[in-house]
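Structural features, examined
As a plain string of letters, each chain reads:
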Amino acid sequence: MMNGTIHNEGTFLNNIAKNLGRAPITEGISVPEWKHAPQKEVLKHATQNDLVAEMKEQCKRVHTPFHVTDSKQVVHCLTQVIEELGNGPLIIPKDDRFSEYGLEGILKEKDVHIWDHQAGNENIEKAERANIGITFSEMTLAESATVVLFSDKDHGRSISFLPSCHVSIIPKSTIVPRMTQAAAAIRSKVTRGEVVPSCINFITGPSNSADIEMDLVVGVHGPIKAVYIIVEDK
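Small disclaimer: the values here were computed from a predicted structure and weren't measured. (Residues numbered from 1 in each chain as written. Predicted model: local features only at pLDDT ≥ 70, side-chain atom pairs only at ≥ 80, totals over all residues. Heavy atoms only, no water.)

Before going further, it helps to examine the packing of aromatic side chains. A complete count under the given rule lists 2 aromatic pairs for this structure. Connected via pairs of aromatic rings, a cluster forms that spans F98, Y101 and F136. (Phe/Tyr/Trp six-rings, centres within 6.5 Å; stacked < 30°, edge-to-face > 60°.)

It is worth spelling out the sheet that holds strand β2 (residues 90-92) at this point. Across the sheet, which stays open at both edges, the 6 strands sit in the order β1-β12-β7-β4-β2-β3 with parallel pairing between neighbours. Where the open sheet ends on each side, the last strands, each with one partner, are β1 (66-69) and β3 (112-114). Taking the axes of each pair of neighbouring strands and ignoring which way they run, one obtains an average angle of 20° across the sheet. Two elements, β2 and strand β4 (residues 132-136), share 2 bridges in a ladder whose sense is parallel. Along β4, the bridge assignment pairs I91 with G133. This element, helix α2 (residues 48-61), spans β1, β7 (165-171) and β12 (225-231) of the sheet and lies at about 155° to β1. Docked against the sheet, helix α3 (residues 74-84) engages β1, β2, β4, β7 and β12, running at close to 175° with respect to β12. (Pairing = 2+ DSSP bridges. Helix = DSSP H or I, 4+ residues; strand = E, 2+ residues; numbered from the N terminus. Axes fitted to C-alpha atoms, helices over the stretch in contact; angles between N-to-C directions. Contact = heavy atoms within 4.5 Å.)

The following block contains the structure:
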């Protein structure tokens, strides 16, 4: 997150306090402890295997094929998924995990563009022409089958938005019950003074809309297809 200068902060906050009919509060502020917190009870006692099972069921509802593999078989699984989706062109972020998972070999065999922040708009043009964008999920919400992606200079958000298909590789350890845990993890980053991603995307399956008469239409403003690959031992 970029640092900058805040102008007229005091005047702005004083005006809000005045309209609320109280003096400005500048210290002693703490997060309230609510008596009831039902959001923390959802899947509270679920094991990691329970969360995988829950996510699998949710994937059926969001039209997302779901694969479970391990570090030894992930190369074969990803290769098969890419072929089923029609092969390249591919676009991926600049992410060391592709090497850590032993995936650099198959990607070298494909027509793949690796996001390069120095290339500017060329990255977006490559994403527009790509058939498949491949990402790693930072956090994954079992309750809604949602992957959480952090954007930065090496991972443009176009990778998961512009290609026809989106494949998300999900380390099993990233799966949490719901948005509650993801929000808490992001808040902890802020509290620790860590750099917060420039953009955080919560993506649930392929693009879809049910705005008209609650009829679900898939592939309206983004990837037409999405595939999740869970890697158990990473």
